[in-house]
Amino acid sequence: AQKITQTQPGMFVQEKEAVTLDCTYDTSDQSYGLFWYKQPSSGEMIFLIYQGSYDEQNATEGRYSLNFQKARKSANLVISASQLGDSAMYFCAMREPRPGNQFYFGTGTSLTVIP
Amino acid sequence: NAGVMQNPRHLVRRRGQEARLRCSPMKGHSHVYWYRQLPEEGLKFMVYLQKENIIDESGMPKERFSAEFPKEGPSILRIQQVVRGDSAAYFCASSPQGRTAETQYFGPGTRLLVL
């Protein structure tokens, strides 16, 4: 089974509007971390936001917020007031407390902001 | 504080040659992770290392691939006898202590092209 599922290969949003990028995850661990990364066309991976499995409040970082619904195992990223520079690939990732502590990444969502 | 550094940024090899990819973690980080990103896909975990130790190599192909993180110097991902299917972006990430709640900071990646 996929650890991280991102069902939206591509999304469009009008500049200044909000957009939600979906992410569901699969784990049997009680302790885990959820992350979102942005990958612009230049290729680097930029950390956006983190949510711990025990955090009761949704994480927020500036225009980014994470809509964490633990029972549904979803961790959607909300970008408010979209900007042209937000056009990029967005990856959801999960980290479990295994010895490797590796990240499991989804296949990504390509976001295009329309002026 | 310099970020994670990877070199070279681009590497072209002919089939059968060796590829050596280098990664210098962020200052103060002793945990290094290597990921591979095939075109149009998310990142896939390869290996997790601490200084002089391989902690988890469950994502590494069994043949031709090896990784090390010596006491002094950068981490090296080595691919022997490269094949066209090895063409991908290889990302290195580092974290201070390898805990689940820590984010991993990614380098800019090395784009390997096998002719």
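Here the structure is shown first, and the text comes after it.
Owing to the predicted nature of the structure, the values given are computational and were not obtained by experimental measurement.

Trainee: Honestly, the overall build of chain B in this entry has me stumped. Any pointers?
Mentor: Counting its regular elements, chain B contains 0 helices and 11 strands. Listing the helices and strands of chain B from first to last along the sequence gives β-β-β-β-β-β-β-β-β-β-β. Whereas a compact globule of 115 residues would reach a radius of gyration of roughly 13 Å, chain B reaches 13 Å, a difference of no more than 12%. In terms of its C-alpha atoms, chain B occupies a principal-axis envelope of roughly 40 × 25 × 25 Å. Out of the 115 residues belonging to chain B, those deemed buried represent 46%. Considering only residue pairs separated by 6 or more positions, chain B has 53% of its internal contacts joining residues 24 or more positions apart. Total accessible area computed for chain B in this model is approximately 5800 Å², and 47% of it derives from carbon and sulfur atoms. Of the side-chain charges in chain B, 17 are positive and 11 negative, and the distance between the mean point of each set is 6 Å.

Trainee: Got a minute to help me understand the sheet that holds strand β7 (residues 65-68) of chain B in this structure?
Mentor: Sheet strands pair via backbone hydrogen bonds, and the direction of the pair is either parallel or antiparallel. All names here are of chain B. An order of β1-β3-β8-β7 is seen for the 4 strands of this open sheet, with the pairing classed as antiparallel. The outermost strands of the open sheet, each flanked by one partner alone, are β1 (5-7) and β7. Across this sheet, the average inter-strand angle for adjacent strands is 15°, counted without regard to direction. Two elements, β1 and strand β3 (residues 19-24), share 3 bridges in a ladder whose sense is antiparallel. Across the sheet, the residue bridging to M5 is S24, located in β3.

Trainee: What's the story with a nonpolar patch on the surface in this structure? I'm lost.
Mentor: A cluster of nonpolar side chains, contributed by B:V12, B:L113 and B:L115, occupies part of the molecular surface with about 250 Å² of accessible area. By secondary structure assignment, the location of B:V12 is in strand β2 (residues 10-13).

Trainee: Just checking my understanding: could you explain the layout of surface pockets for this structure?
Mentor: Where empty space is left in the structure can be found by rolling a water-sized probe over the atoms. By volume, the largest pocket is sized at about 210 Å³. Along its surface, the largest pocket is lined by 13 residues, and A:Q2, A:Y104, A:F105, B:L43 and B:K44 are the ones closest to its centre. If you list the elements that add at least two residues to the lining of the largest pocket, you get β11 (103-105) of chain A together with β5 (43-50) of chain B. When the residues that make up the lining of the largest pocket are grouped by side-chain class, the tally is 6 nonpolar, 5 polar and 2 charged. Roughly 160 Å³ of internal volume is contained in the second largest pocket. Surrounding the second largest pocket, A:Q39, A:M89, A:F91, A:T107, B:Q37, B:L38, B:P39, B:E40 and B:E41 form its lining. Residues belonging to the lining of the second largest pocket are distributed by class as follows: 4 nonpolar, 3 polar and 2 charged.

Trainee: Before we go on, may I ask you to explain the nonpolar core in this structure?
Mentor: Soluble, globular proteins show a tendency: their nonpolar side chains are buried together. Core analysis: the biggest nonpolar cluster contains 25 residues, and A:Y25, A:W36, A:I49, A:L77 and A:Y90 have the highest contact counts within it. In terms of residue count, strand β10 (residues 88-95) of chain A provides more of this core than any other element does, 4 residues in total. If we ignore the near neighbours within four places in the chain, the residues touching A:Y25 are A:K3, A:I4, A:Y32, A:L34, A:F68, A:K70, A:K73, A:S74, A:A75 and A:M94. Listed in part, the 23 residues of the second largest apolar core include B:A19, B:I79, B:L112 and B:V114.

Thresholds applied
- Residues numbered from 1 in each chain as written.
- Chains lettered and ligands numbered in written order.
- Predicted model: local features only at pLDDT ≥ 70, side-chain atom pairs only at ≥ 80, totals over all residues.
- Heavy atoms only, no water.
- Helix = DSSP H or I, 4+ residues; strand = E, 2+ residues; numbered from the N terminus.
- Rg over C-alpha atoms; globule rule 2.2 N^0.38 Å.
- Buried < 20%, exposed > 50% of the residue type's maximum accessible area, 1.4 Å probe, protein only.
- Contact = heavy atoms within 4.5 Å.
- Areas by Shrake-Rupley, 256 points an atom, 1.4 Å probe, with all protein chains shown as cover.
- Lys, Arg positive; Asp, Glu negative; His and termini not counted.
- Charge placed at Lys NZ, Arg CZ, Asp CG, Glu CD.
- Pairing = 2+ DSSP bridges.
- Axes fitted to C-alpha atoms, helices over the stretch in contact; angles between N-to-C directions.
- Patch = residues over 30% accessible without salt bridge, like charges linked within 9 Å, V, L, I, M, F, W, Y side chains within 5 Å.
- Salt bridge = Lys/Arg side-chain N within 4 Å of Asp/Glu carboxyl O.
- 1 Å grid on protein atoms, 1.4 Å probe; cavity = no way out; pocket = protein on both sides within 12 Å on 5 of 7 lines; lining within 4 Å.
- Points joined across faces, edges and corners; volume = space filled by probe spheres on them.
- Nonpolar A, V, L, I, M, F, W, Y, C, P; charged D, E, K, R; others polar.
- Core = buried A, V, L, I, M, F, W, Y, C linked by side-chain atoms within 4.5 Å.

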